[in-house]
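# Commentary on secondary and tertiary structure
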Amino acid sequence: MVKSPKSNKKGGKAVKVNNTVAVNENLDLIYTLISSDGEQFQADGHSLKLSKVLSLAAKCLQSTETTIHVEKVKGDTLKRVLEWCENHKDDGPYVSKCGPGLRLPHWDFRWLKSLDNQQLFDLITATNDLQMKQLMDYSCKTVANMAKGKSPEQLRQIFGILTDEEEAELALNEPGPSNAN
Amino acid sequence: MWPRNDVQMDDGSMTPEDQELPNDTDMDFDDNVEENSYSNGSSSSYSADKLSSPLQQKLDLSASPSRIVDVNPRVEHLSALFKDLSPNEQMEALTRLLSETNITNIRQLRAIIEPHFQRDFLSCLPVELGLKILHNLNGMDLMKVAQVSKNWKLISEIDKIWKSLGNGAVNNHELPTERITGAWQATAVSVGVVIPDHIPACELNIHRFMKMQKYGEIFERAADKSRYLRSEKIERNWHSNAIMGSAVFRGHEDHVITCMQIHGDLLVTGSDDNTLKVWSIDKGVVRYTLQGHTGGVWTSQISQCGRFIVSGSTDRTVKVWSVETGKDIHTLQGHTSTVRCMAMSGSILVTGSRDTTLRVWNVETGQHLATLLGHHAAVRCVQFDGKTVVSGGYDFTVKIWDAQTGRCIRTLVGHNNRVYSLLFESERSIVCSGSLDTSIRVWDFTRPEGEECVALLQGHTSLTSGMQLRGNILVSCNADSHVRVWDIHEGTCVHMLTGHRSAITSLQWLGRSMVATSSDDGTVKLWDIERGQLIRDLVTLDSGGNGGCIWRLCSTSTLLACAVGSRNNTEETKVILLDFDAVYP
């Protein structure tokens, strides 16, 4: 995910304190992110801004360093996180609206819907670890939507839950896929 | 059989038991507010291991079974060929193979594959994240979630979710009531009184029995869920459920009930038979008949503390009665004609009279504090918030007074005929006045003099008898038999509700968006003012249209009281009560 450096939109800003200038400059830097299983990705500061953990990590880097080790997130999940960030890097500030009133933007709705349950849950865990409020709200809402209007039996099917009786049976018998034909 | 011990959890996701708390001391997060929404993994989900491991077995596609299998040469041959195909060719082959095999095999395959794509999110994510997901669901869905498994039930009943669901929507209902003895024993259904959705008499006993357990199982384990569910049940009781309790309070025979108030368990009726009656709603009995006036009672109030009842009469006096003893404490003299209207705040009372004046009194001491002079004709209606008095008169004006000094601050001019009804919203200094000129005017008296009228609501063709305001939505009922819903900010009429056949006498705004109206046509109707349609008829008098009418409505969040009677003896004078209460499940 290589990005060419963006032109500095904030060129007109007066220099106030050294800190401020440093942060602004960082936004256009390209960072290398390494996932827990060693995969490498590139992202600029604008993308990283969407994660409090990542943007603070970037801020705390030594001046010559551009590599961030994202120890808690696997490669394919990190890839998706960065894909989402890429799509939202130009967004304005986000106001959290948890609850039935929250509506997902079109792109996010479709993008999240294309993930399977495992990927979705990994994503939610990642948003928690990386402190990404917006993506967390959206992905939690997506899971909730899967549960909406469903009967308990349907919920069990969708989320692969055993009834308490089935569970008890399983504990006794431990069946597995049989090779008999 | 695969022995459990050999199965690895290879899908990489960590259950809360596996998560270790990282020691990220080089990152300090100074935004504390947002932190609370993140889980640091320290709280584990409730016994998740039981649920996840059986599925992990099925899930584990790559761990090799440790048992020895007889090698089938034909299958081996096929597998070898398969391995050499490209991914696309493999897909093609798989599709082809699936179409060649039978349904039993496909089902078994599904059992292997499907769990891979299912994730029990409540058991696998930290509780805080699971809660965050559940926050997006409504009450109905949460109930279904509770039925999925023990673990899900536990998590779905956590108070936080139900508290946030309830915000705004949940009324602060009184405690579950009795309403089974006294007048409640016999229902209000009788000759000439039809309550279309009343439960049949044979089912009454069951309902009374169920009412006895006021706090159910759910309340014991999840109080906020119980509170929410009770609130929803009460709303449904009003809207569509069968009416499960009713009563009749009889009194003021052959006379008119002129005023009615409810305060807690007290119901007070005033009549032109010169008396007032005080009833206990819960017990269904009359507590006192307040006697002493020598003229008809036309207005009454109950004090905020519930200790005093005040009444105004054609005998020109105001009487203060003790709720505890039923005796009159003070008789306030001063007015020189009928006392027609009154309003009270704390222990300060303001009365309006046909003698064109208003008077301010202290009901505890009986002291007369001020006389408000200015109206040129009878004072018909008054409102008071403790500081400011708003009065409407037959001189076509609305006046604003300072109760402390007795001075008239503003005179709101605009109506072309008598002012009959007032609504005062103290917080925004908004007054709504209904007049015989058929219009409703909305005033803001903080605006410059002469510019106070902010809206002129036209549409009704007769006198407005009642109004209620919530936010910018005003509901009015009129002698032209219509209910109108207005947006006072836009000055427009949003809905017009037709159905009544003659003058509407009063209205009560209930729940979120329901309004009950009473009419001279002898019916009480329930409306949905959001959609602008009739929901149902609550009460119908057979004598309606022939003299039987409903004069007034009073309500609490779980009770509707209807003052019923006639001027020609076709219907006896009484109060019909309908119970909409529910217990805590």
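Computed from a predicted model, the values in this text were never measured in an experiment.

Along chain B, the regular secondary structure elements total 13 helices and 33 strands. The 585 residues of chain B split such that 52% are buried. In chain B, of all internal contacts separated by at least 6 residues, the share reaching a separation of at least 24 is 50%. As presented, chain B carries roughly 27,600 Å² of accessible surface, and 49% of it is formed by carbon and sulfur atoms.

A separate point is the overall build of chain A. When its secondary structure is counted, chain A shows nine helices and three strands. For chain A, the α and β elements follow one another from N to C terminus as α-β-β-α-α-β-α-α-α-α-α-α. The long-range fraction of contacts in chain A, counting pairs at least 24 apart against all pairs at least 6 apart in sequence, stands at 60%. Carbon and sulfur atoms make up 50% of the accessible area of chain A, which amounts to about 9,600 Å² in all.

Moving on: helix α8 (residues 139–146) of chain B. All names here are of chain B. Within the sequence span of α8, burial applies to G139, D141, L142, V145 and A146. The buried residues of α8 occupy one face: seen down the axis, they fall within an arc of 160 degrees. Where α8 starts, the residue carrying a side-chain oxygen 3.1 Å from the main-chain nitrogen of M140 turns out to be N138.

Here we take up the pairing of strand β4 (residues 266–271) of chain B. Residues and elements named next belong to chain B. Among the six residues of β4, six are classified as buried, and the element is accordingly described as predominantly covered. Side chains L266, V268 and G270 project from β4 onto one buried face, and the interleaved L267, T269 and S271 project onto a second face that is buried too. Taking the residues between adjacent antiparallel strands as the criterion, strand β3 (residues 257–263) and β4 are bridged by two residues, where G264 takes a positive phi near 60 degrees. Taking the residues that link successive antiparallel strands as the turn, the β4-strand β5 (residues 276–280) hairpin has four residues, and the phi of N274 there is positive, at about 75 degrees.

All names here are of chain B. Between α8 and helix α10 (residues 159–166), whose axes approach to 11 Å, the crossing angle comes to 160 degrees. Viewed along their axes, α8 and α10 adopt a mutual orientation that is roughly antiparallel. Relative to α10, the crossing made by α8 is left-handed. Across from G139, L142 and M143 in α8, the residues of α10 making contact are I161, W162 and L165. Its residues assigned to classes, the contact of α8 with α10 shows five nonpolar, one polar and no charged.

Here the focus is the sheet that holds strand β9 (residues 318–322) of chain B. All names here are of chain B. If you trace the four strands from one edge of the open sheet to the other, you get β7-β8-β9-β10, paired in antiparallel fashion. Of all the strands in the sheet, the pair left with one neighbour each is β7 (297–302) and β10 (328–332). Strand-to-strand, the axes of this sheet are offset by a mean angle of 20 degrees, without reference to chain direction. Bridging between strand β8 (residues 308–313) and β9 involves five bridges; their strand directions are antiparallel.

The next subject is the packing of helix α4 (residues 75–88) of chain A against helix α5 (residues 106–113) of chain A. Residue and element names in this part refer to chain A. It is the contact of α4 with α5, at a shortest axis distance of 11 Å, that shows an interaxial angle of 170 degrees. Classified by the angle between their axes, α4 and α5 sit roughly antiparallel to one another. As for how α4 packs across α5, the hand of that crossing is right-handed. Counted together, R80, E83, W84, N87 and H88 of α4 and W107, D108 and W111 of α5 form the full contact between these two elements. Residue composition of the contact of α4 with α5, by class: three nonpolar, two polar and three charged.

Before going further, it helps to spend a moment on the packing of aromatic side chains. All names here are of chain B. Applying the stated criterion to the full structure yields eleven aromatic pairs over all chains. Aromatic side chains W162 and Y228 sit 5.3 Å apart centroid to centroid with 55 degrees between the ring planes, which places their arrangement in the tilted category. Pair noted here: W162 is in helix α10 and Y228 is in helix α13 (residues 223–239), with a separation of 66 residues, a long-range link. As far as the burial class goes, W162 and Y228 line up, both buried. An aromatic cluster is built from Y215, F219 and Y584, whose rings are joined through pairwise contacts. Positioned above the aromatic ring of Y584 is the side chain of R230, whose terminal nitrogen or guanidinium carbon lies 4.7 Å from the ring centre. The residue whose ring lies beneath R418 is Y394, and the NZ or CZ to ring-centre distance is 4.1 Å.

So, on to the UniProt feature "domain: SKP1 component POZ" (unreviewed entry) in chain A. As recorded in UniProt, the feature "domain: SKP1 component POZ" (unreviewed entry) lies at residues 32–89 of chain A. Between the C-alpha atoms that bound residues 32–89 of chain A there is a distance of 17 Å. The span itself is 45% helix and 19% strand.

Attention shifts here to the pairing of strand β2 (residues 40–44) of chain A. Residue and element names in this part refer to chain A. Two strands pair when backbone bridges link them, and strand β1 (residues 30–34) and β2 are joined in this way by five bridges, in the antiparallel orientation. Within β2, the position partnered with Y31 by the bridge is A43. Between β1 and β2, which pair antiparallel in sequence order, lie five residues; one of them, G38, sits at a positive phi of approximately 90 degrees.

Residue and element names in this part refer to chain B. Inspection of every chain in the model, using the stated rule, returns 29 salt bridges over all chains. The partner of E157 in a salt bridge is K225, with the nearest N and O atoms 2.9 Å apart. You can see E157 sitting in the loop between α9 (150–156) and α10 and its partner K225 sitting in helix α13, a full 68 residues away along the chain. For the pair formed by E157 and K225, the shared burial category is buried. We note a salt bridge from R512 to E232, for which the minimum N-O separation is 3.8 Å. With R512 in the loop between β27 (504–510) and β28 (514–519) and E232 in helix α13, this pair connects stretches of sequence that are 280 residues apart. Note on R512: relative accessible area 43%, which makes it partly exposed.

Below, the discussion takes up the sheet that holds β2(A). All names here are of chain A. Spatial ordering of the open sheet is given by β2-β1-β3, a layout of three strands whose pairing is mixed. The strands lining the two open edges of the sheet, one partner per strand, are β2 and β3 (67–69). Strand-to-strand, the axes of this sheet are offset by a mean angle of 30 degrees, without reference to chain direction. Of the pairings in the sheet, the one linking β1 to β3 comprises three bridges and is parallel in character. Within β3, the position partnered with L33 by the bridge is I68. The sheet strands contacting α4 are β1 and β2, and the helix crosses β2 at an angle near 20 degrees.

As a further point, take the UniProt feature "repeat: WD" (unreviewed entry) in chain B. All names here are of chain B. Within this numbering scheme, the UniProt entry marks residues 249–289, 290–331, 332–371, 372–411, 412–444, 457–496 and 497–537 as carrying the feature "repeat: WD" (unreviewed entry). Helix and strand shares over residues 290–331 are 0% and 52% respectively, and the end C-alpha atoms of the span are 13 Å apart. Taken end to end, residues 497–537 has its terminal C-alpha atoms 14 Å apart, with 0% of it in helix and 61% in strand.

Time to look at unusual backbone geometry. In this model, Q131(A) sits at a positive phi of 50 degrees, which is unusual for a non-glycine residue. Counting through the fold element by element, Q131(A) comes out in the loop between α6 (117–129) and α7 (133–147). We note that T438(B) has phi near 75 degrees; this positive angle belongs to a residue other than glycine. By the secondary structure assignment, T438(B) is in the loop between β20 (430–435) and β21 (440–444). Exposure remark for T438(B): the relative accessible area of 24% places this residue in the partly exposed category.

The rules behind the values
Residues numbered from 1 in each chain as written. Chains lettered and ligands numbered in written order. Predicted model: local features only at pLDDT ≥ 70, side-chain atom pairs only at ≥ 80, totals over all residues. Heavy atoms only, no water. Helix = DSSP H or I, 4+ residues; strand = E, 2+ residues; numbered from the N terminus. Buried < 20%, exposed > 50% of the residue type's maximum accessible area, 1.4 Å probe, protein only. Contact = heavy atoms within 4.5 Å. Areas by Shrake-Rupley, 256 points an atom, 1.4 Å probe, with all protein chains shown as cover. Arc of directions from axis to C-beta. Polar contact = N/O pair within 3.5 Å; in protein donor to acceptor, adjacent residues only side chain to side chain. Pairing = 2+ DSSP bridges. Axes fitted to C-alpha atoms, helices over the stretch in contact; angles between N-to-C directions. Parallel < 35°, antiparallel > 145°, perpendicular 65-115°, else oblique. Left-handed = near helix turned anticlockwise from the far one by under 90°. Nonpolar A, V, L, I, M, F, W, Y, C, P; charged D, E, K, R; others polar. Phe/Tyr/Trp six-rings, centres within 6.5 Å; stacked < 30°, edge-to-face > 60°. Lys NZ or Arg CZ within 6 Å of the ring centre and 35° of its normal. UniProt positions renumbered as here; feature names shortened; annotations may be inferred. Salt bridge = Lys/Arg side-chain N within 4 Å of Asp/Glu carboxyl O.

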